[in-house]
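Take a look at the letters that make up each chain.
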Amino acid sequence: MNLLTQSKANPLKIKSMKFVVSSTELLSHLTVVSRVISSKNTLPILDNFLFKLKGNDLEITASDLETTLTTRIQLENVTDGGDIAIPFRILVDTLKEFPEQPLTFDINLDTLAIAVSTETGQFNIVGQPAEDFPAANEVKEETKTSMKITAEALTNGISKTLFATAEDEMRPVMCGILFEFSPECLTFVASDAHKLVRYRRMDVKGDGDKSFILPKKPASLLKNVLPRETGNVLIEFDDKNALFTMANYTLICRLVEGAYPNYNSVIPTDNPNVMTIDRVDFYNSLRRVSPFTNQASNLVKLSLTGNQLMISAQDLDFSISAYERLRSQYEGEEMEIGFKSVFLIEILSNISSTDVSMSLSDPSRAGLLFPALNENENEEVLMLIMPMMVGE
């Protein structure tokens, strides 16, 4: 047999990628990583997932250039591996309509044709070359700092602070969460200049004083991913990027550049007037009174006496008003102080204790709120809110 007839008898093998995966398991992972994808991508390739199949490990990645999130699925039925980019929208929208069932992906890596087969039908998609997908940012080995933290501690640190981050694009450092490592603890801080949260974990200690500012978007992604994780999270960071490695997910993101303001200077150290009150009662009362505030100021007035708190609001433009009295324990001088109700409600919804303590100095200075009793000895929660003039 000559070379020509041998070539005809054994044509070049088509490069393919074939695997079987549960429809609901795949959708669960895709839903998480698709949150990275921006609605205003500058590169069309970023409207795709990157699928990388090696052995029985399927890695699925999404990116917006600043943040890259990767998830891993262990497969049992794999014929061939490979890499391809698959359009995210049509894939996710199709999977949402499937009941739980096995899906067979048969991908021609030469033509990028993707056939998704079920017991009753077939769905055909065209992919993109995997090499067009941008590489993720990297943490430099020679300058990185590494730290392990439990998923529970990281979840709480982000959840307790994320709501207090700013929306001010002119001050990007305020639009993220400060991670501050020290030999004593790990501190999470967020502030929008109207409210501030400082959350400390005494069971996480750094080798020295290091810090970085995590942007809001990757913080939100981590808040969504972490409840699915158990065990430790490895955090590695340098002066540009941070990498979070979990059991089933990996997130790497660009950090906010710049120095975080000196937040300790705005936390009052002498607030002798202290009120302790049932947190849920306080929260629910504010929710009922808040609709009666002036729409421009959103001002609620707190009147504090020995065993009573009165919450009141009014809008003179519409001739509406409301007040409620609640039982409380208060030690200090009688006081009237005003706050923006939406901020106070946000803060109370992010404190998990049964009772909350509020410490005050005078109506012109910041108030501090914290759990009356710490439920976890390894954490310390402090929330600050700036007052409003009662006459506003």
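The coordinates are above.
Since this is a predicted model, take the numbers as computed values, not measurements.

> When you look at the sheet that holds strand β3 (residues 57–63) in this model, what are you seeing that I'm missing?
Sheets are built from strands that pair by backbone hydrogen bonding, the pairs being arranged parallel or antiparallel. Reading across from one edge, β6-β2-β3-β4-β17-β16-β15-β10 is the order of the eight strands in this open sheet, with antiparallel pairing throughout. The sheet is open, and its two edges are formed by β6 (82–87) and β10 (145–150), each paired on a single side. Adjacent strand axes in the sheet meet at a mean angle of 15° when their direction is disregarded. Looking at chain direction, strand β2 (residues 48–54) and β6 are connected through six bridges and run antiparallel. Considered in β6, the bridge of Lys 52 is made with Asp 83. Where helix α2 (residues 23–33) meets the sheet, it contacts β2, β3, β4 (67–74) and β17 (249–254), and its direction lies at approximately 170° from that of β4.

> What am I meant to see in the environment of Leu 50 here?
Along the chain, Leu 50 falls in strand β2. On a C-alpha basis, the gap between Leu 50 and Glu 66 in space is 16 Å, while along the polypeptide they are 16 residues apart. Discounting chain neighbours no more than four positions away, the residues touching Leu 50 are Glu 59, Ile 60, Thr 61, Ile 84, Ala 85, Ala 130 and Phe 133.

> Please explain the pairing of strand β15 (residues 232–237) as it appears in this structure.
Within a regular strand, the side chains alternate between the two sheet faces. Where β10 and β15 come together, six bridges link them in antiparallel fashion. Among the inter-strand pairings, Lys 148 is bridged to a residue of β15, identified as Leu 234. Here four bridges tie β15 to strand β16 (residues 241–245), and the two strands are oriented antiparallel to one another. In the sheet register, Leu 234 faces β16, and the bridge partner there is Thr 245. In this antiparallel pair of consecutive strands, β15 and β16, the connection spans three residues.

> Which parts of the structure should I look at to understand the packing of aromatic side chains?
The description of an aromatic ring pair rests on the distance of the ring centres and on the angle between the ring planes. Scanning the model with the defined rule gives eleven aromatic pairs in all. Relative to Tyr 199, the ring of Phe 188 lies with its centre 5.9 Å away and its plane at 55°, an arrangement referred to as tilted. Linking Phe 188 in strand β12 (residues 186–191) with Tyr 199 in strand β13 (residues 195–201), this pair joins segments that are eleven residues apart in sequence. Here Phe 188 matches Tyr 199 in class, with each residue buried. Every member of this aromatic cluster is reached through a ring pair, and the members are Phe 179, Phe 181, Phe 188, Tyr 199, Phe 212, Phe 237 and Phe 244. The ring of Phe 343 carries the charged tip of Lys 340 above its face, separated from the ring centre by 5.9 Å.

Procedures and definitions
Residues numbered from 1 in each chain as written. Predicted model: local features only at pLDDT ≥ 70, side-chain atom pairs only at ≥ 80, totals over all residues. Heavy atoms only, no water. Pairing = 2+ DSSP bridges. Helix = DSSP H or I, 4+ residues; strand = E, 2+ residues; numbered from the N terminus. Axes fitted to C-alpha atoms, helices over the stretch in contact; angles between N-to-C directions. Contact = heavy atoms within 4.5 Å. Phe/Tyr/Trp six-rings, centres within 6.5 Å; stacked < 30°, edge-to-face > 60°. Buried < 20%, exposed > 50% of the residue type's maximum accessible area, 1.4 Å probe, protein only. Lys NZ or Arg CZ within 6 Å of the ring centre and 35° of its normal.

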